[in-house]
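One-letter residues, chain by chain:
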Amino acid sequence: MAIAHIADGRLRVFDARSGRLLGMINTGFAGNFAVSADSADIYIATTYLSRGGRGERTDVLEVWDAQTLAFKHEVVLPPRRAQTLNYRGLVSVSANGRFVWVQNATPASSITVVDLAEQKVATEIQTPGCWGTLPAAAHPARFGMLCSDGRITTVTLNDQGQEADRQLSDVLFDADRDAWFHSAERIGDRYFFLSFLGRITEVDLSGPSARQVAQQGFVSAQQARQGWRPGGYQAFAVHPGGRWAVVAMHDQGREGSHKLPAKQLWTVDLTSGRRVATAPGQGTASLTFSRNGQRLQALDG
């Protein structure tokens, strides 16, 4: 999303090694996107107004070819799509590749289920108090949602994309004392969540109900007194091997500083919770590893 031209967004594709711009796709009004598991398709959920910045609203899920950046087809959505900044999980794809889940906000929270095989909306699932979708890998059509009461709701769909089961996890965090960043890191059914005060929690989403696997705090008492806290939009990245996380950190942190860019990048051992390396922060606001784990890519905030 670009605030200066919010109704006329762009998704830009770069060569990650050279930084060369390869092409662009129009993303309309505050569009969000996901990529298919085989990297063949890009799914963009967006809004168009008939007069550009005003007029009749149409929400769509667009399917674009990821190699040629050519438009393929679209599915018209209910006009309730969440028009938000770009975060992971606001558009996501089921493990079987058949369904795309689109976050809605009216401001009530719900999920539109798009059936890609039928090229139509299958249903809308009401999800009060929960936000975003966390696809499971072990089930063809199951996702979790982070909820304001500190739990994860797990929703399982049937073959037609209708809700078949819904279960709540135990309470995993206290949003008043130490909230979680919404953007999670994923390795299969292992999801890693980062808290505002510097704690990483691993959750298993393979079953009908999410369960906590491990939790490590990595900010020492002395560092906490100096106000060292994570910050950014995608404020950390977990290496594909699952051993390390790199976290964007700032000092003199306070309530509300959780989106500040990094003064330092901390590498954390996920087994021990020990900080094993630091690097200059470079103003980083978002982090991600390449799929092979050989490159760490950072967005200057």
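Structure: above.
Here is a short report on the structure shown in this document. (Residues numbered from 1 in each chain as written. Predicted model: local features only at pLDDT ≥ 70, side-chain atom pairs only at ≥ 80, totals over all residues. Heavy atoms only, no water.)

## Comments concerning the pattern of salt bridges
Pairing is possible between side chains that carry opposite charge, provided their charged atoms lie close to one another. In total, this model carries 13 salt bridges according to the counting rule given. Residue Asp8 pairs with Arg10 through a salt bridge whose shortest N-O separation is 2.8 Å. Its salt-bridge partner being Glu185, residue Arg88 comes within 2.4 Å of it at the nearest N-O pair. With a gap of 97 residues between them, Arg88 in the loop between strand S5 (71-77) and strand S6 (91-93) and Glu185 in strand S14 (residues 185-187) connect regions that are remote in the sequence. (Salt bridge = Lys/Arg side-chain N within 4 Å of Asp/Glu carboxyl O. Helix = DSSP H or I, 4+ residues; strand = E, 2+ residues; numbered from the N terminus.)

## Points about the packing of aromatic side chains
For the structure shown, the criterion picks out 8 aromatic pairs. Taking 5.5 Å as the distance between ring centres and 40 degrees as the angle between the ring planes, the aromatic pair formed by Trp228 and Trp266 counts as tilted. Note that Trp228 is positioned in the loop between helix H1 (221-225) and strand S18 (229-230) and Trp266 in strand S21 (residues 264-269), a separation of 38 residues in sequence. Taken individually, Trp228 and Trp266 each receive the classification buried, so the pair is uniform in this respect. (Phe/Tyr/Trp six-rings, centres within 6.5 Å; stacked < 30°, edge-to-face > 60°. Buried < 20%, exposed > 50% of the residue type's maximum accessible area, 1.4 Å probe, protein only.)

## Concerning the state of the cysteines
One pass over the full model with this rule turns up 1 disulfide. In this model, Cys130 is linked to Cys147 through a disulfide, with the two sulfur atoms separated by 2.0 Å. Handedness here is read from the sign of the S-S torsion; for Cys130 and Cys147, about 100 degrees, the answer is right-handed. Of this pair, Cys130 sits in strand S10 (residues 130-135) while Cys147 sits in strand S11 (residues 142-147); the two residues are 17 residues apart in sequence, bridging distant segments of the chain. Taken as a pair, Cys130 and Cys147 share a single burial class, namely buried. (Disulfide = S-S within 2.5 Å.)

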